[in-house]
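So the chains spell out like this:
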Amino acid sequence: MQTFIKEKLRKYANEKEQILALFYVKSRNQSKEFTEVYTVVDEVIVSKMLLELSDIFDDVILTNKKKDSFKLDKKWQNYTILEVFTKEEGKISESIISHDLAKDFIKNLPNDLEFLYDKMDLKSLTQDYNFVYELPKEYEFDQCIRQFFSYAMEVSSLLVDKNQIAASLKMDYLKKELLKMVDWYIRDRFSKTKDIGKDFENLAYSLEEEYRVLFLETFFNADYLEIYKALFKACDLFRKLGLKESTNLGFKYLKKEDVEVLKVLRNNYKKIESLVL
């Protein structure tokens, strides 16, 4: 995080009575374009806090607010994220956490926290926790594989029907399943200390060159064959990472289903190729 942004946020926290702590995760604030902080308050007034956050910066273009959640005692607790987009400082994101949830919330964050303000001595109260990113359960791994290849079949069929728009949108669903597998691979590769990043910022350097290139090749333009080639690249990357993780985690990879789906995809590609060339 840039020093001048730190100072602005520290001053902001000191001046607002409702703020009890303000901190950030150092590993998530390496970029100059993205700043992500967490604010613990004794009273949550979202609209007021959004105005106060935007007042810190002189070149605000857009403000936004959205909901997120974290798991506490098998239940999901909601909290609000405020976003301010500026011309010079990029995006500033502030997660608003109620003081009664703060100690439990922190346990969902990596350990490398830096406190800019800590009126409630939250740092000493939470310094003994040990955070790791979770790996999938076997049923989650199995469902991811089934969902990925289901979407692959649907994309292929839509392309045979010459429906580029629907096929492209369905590829977005497929890539969400691919991202799950990529995320699990990164978590496993770095011993559960790293993931893809909240804004996908870790993808650029957490994958080996072979996998990073394959991932980039899953992006496409509106051409029928280009979409299909991106689909093949996605399947290739998914299979390679899926097989690795099935071995590492001791889970079954659906090899038969993978093979049969790819047979259909290749046959459909030949149909499309004959129509468009």
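Figured I'd write up the structure that's included with this text.

## Notes on the overall build of the chain
For the chain, the count of helices and strands is 10 helices and six strands. Counting only C-alpha atoms, the chain reaches 70 × 45 × 35 Å along its principal axes. Relative to its full complement of 277 residues, the chain shows a buried share of 45%. Long-range pairs, those at least 24 residues apart, make up 62% of the contacts in the chain with a sequence separation of at least 6. Per element, the accessible surface of the chain, about 15000 Å² overall, is 50% carbon and sulfur. Across the chain, the 46 positively charged side chains and the 49 negatively charged ones have centroids separated by 4 Å.

## Considering the environment of Tyr151
Residue placement: Tyr151 occurs in helix H5 (residues 138-160). In the structure, Tyr151 is positioned 22 residues away from Tyr173 in sequence and 7.0 Å away in space, judged by C-alpha atoms. Aside from chain neighbours lying at most four places away, what touches Tyr151 is Lys170, Tyr173, Leu174 and Glu177.

## Focus on H5
Side chains three or four residues apart in an α-helix point the same way, a direct result of the helix having 3.6 residues per turn. Here H5 spans 34 Å end to end across 23 residues, near enough to the 33 Å set by a 1.5 Å rise per residue. Of all the positions in H5, only Phe141, Cys144, Ile145, Phe148, Phe149, Tyr151, Ala152, Val155, Ser156, Leu158 and Leu159 are classed as buried. Residue Lys162 follows H5 closely and has a positive phi angle near 65°.

## Concerning the environment of Phe149
Take Phe149: it is sitting in helix H5. Note on Phe149: relative accessible area 4%, which makes it buried. Between the C-alpha atom of Phe149 and that of Glu260, which follows or precedes it by 111 residues, the distance is 10.0 Å. With sequence-adjacent residues up to four places away left out, Phe149 is seen in contact with Cys235, Phe238, Tyr253, Asp258, Val261 and Leu262.

## Notes on the packing of H5 against helix H9 (residues 224-249)
For the pair H5 and H9, the least separation of the axes is 11 Å and the interaxial angle reads 165°. One element, H5, and the other, H9, form an angle in the roughly antiparallel class. Viewed along their axes, H5 and H9 form a crossing whose handedness is left-handed. Facing Phe141, Cys144, Ile145, Phe148, Phe149, Ala152, Val155, Ser156 and Leu159 of H5, the residues of H9 in contact are Tyr224, Ile227, Tyr228, Leu231, Ala234, Cys235, Phe238, Gly242, Glu245 and Ser246. The residue inventory of the contact of H5 with H9, partitioned by class, reads 15 nonpolar, three polar and one charged.

## A look at the pairing of strand S3 (residues 60-72)
Across 12 bridges, the pairing between S3 and strand S4 (residues 75-86) is antiparallel. Note on S4: the bridge partner recorded for Thr63 is Val84. From the end of S3 to the start of S4, which pair antiparallel, there are two residues, and Asp73 there has a positive phi angle of about 55°.

## Describing the pattern of salt bridges
If you walk through the whole model with that rule in mind, you get 22 salt bridges. Lys66 serves as the salt-bridge partner of Glu83, at 2.9 Å between the closest nitrogen and oxygen. A residue pair is termed long-range when its members are at least 10 positions apart, and Glu83 in strand S4 and Lys66 in strand S3 qualify at 17 residues.

## Points about the sheet that holds strand S2 (residues 34-41)
If you walk across this open sheet you meet the six strands as S3-S4-S5-S2-S1-S6, and the pairing is mixed. Two strands close off the open sheet at either side, each with one partner strand: S3 and strand S6 (113-118). Mean inter-strand twist for the sheet, computed between neighbouring axes without regard to direction, equals 25°. Running at roughly 35° to S4, helix H2 (residues 46-55) makes contact with S2, S3, S4 and strand S5 (91-98) of the sheet.

What counts and what doesn't
- Residues numbered from 1 in each chain as written.
- Predicted model: local features only at pLDDT ≥ 70, side-chain atom pairs only at ≥ 80, totals over all residues.
- Heavy atoms only, no water.
- Helix = DSSP H or I, 4+ residues; strand = E, 2+ residues; numbered from the N terminus.
- Buried < 20%, exposed > 50% of the residue type's maximum accessible area, 1.4 Å probe, protein only.
- Contact = heavy atoms within 4.5 Å.
- Areas by Shrake-Rupley, 256 points an atom, 1.4 Å probe, with all protein chains shown as cover.
- Lys, Arg positive; Asp, Glu negative; His and termini not counted.
- Charge placed at Lys NZ, Arg CZ, Asp CG, Glu CD.
- Expected span 1.5 Å × (residues − 1).
- Axes fitted to C-alpha atoms, helices over the stretch in contact; angles between N-to-C directions.
- Parallel < 35°, antiparallel > 145°, perpendicular 65-115°, else oblique.
- Left-handed = near helix turned anticlockwise from the far one by under 90°.
- Nonpolar A, V, L, I, M, F, W, Y, C, P; charged D, E, K, R; others polar.
- Pairing = 2+ DSSP bridges.
- Salt bridge = Lys/Arg side-chain N within 4 Å of Asp/Glu carboxyl O.

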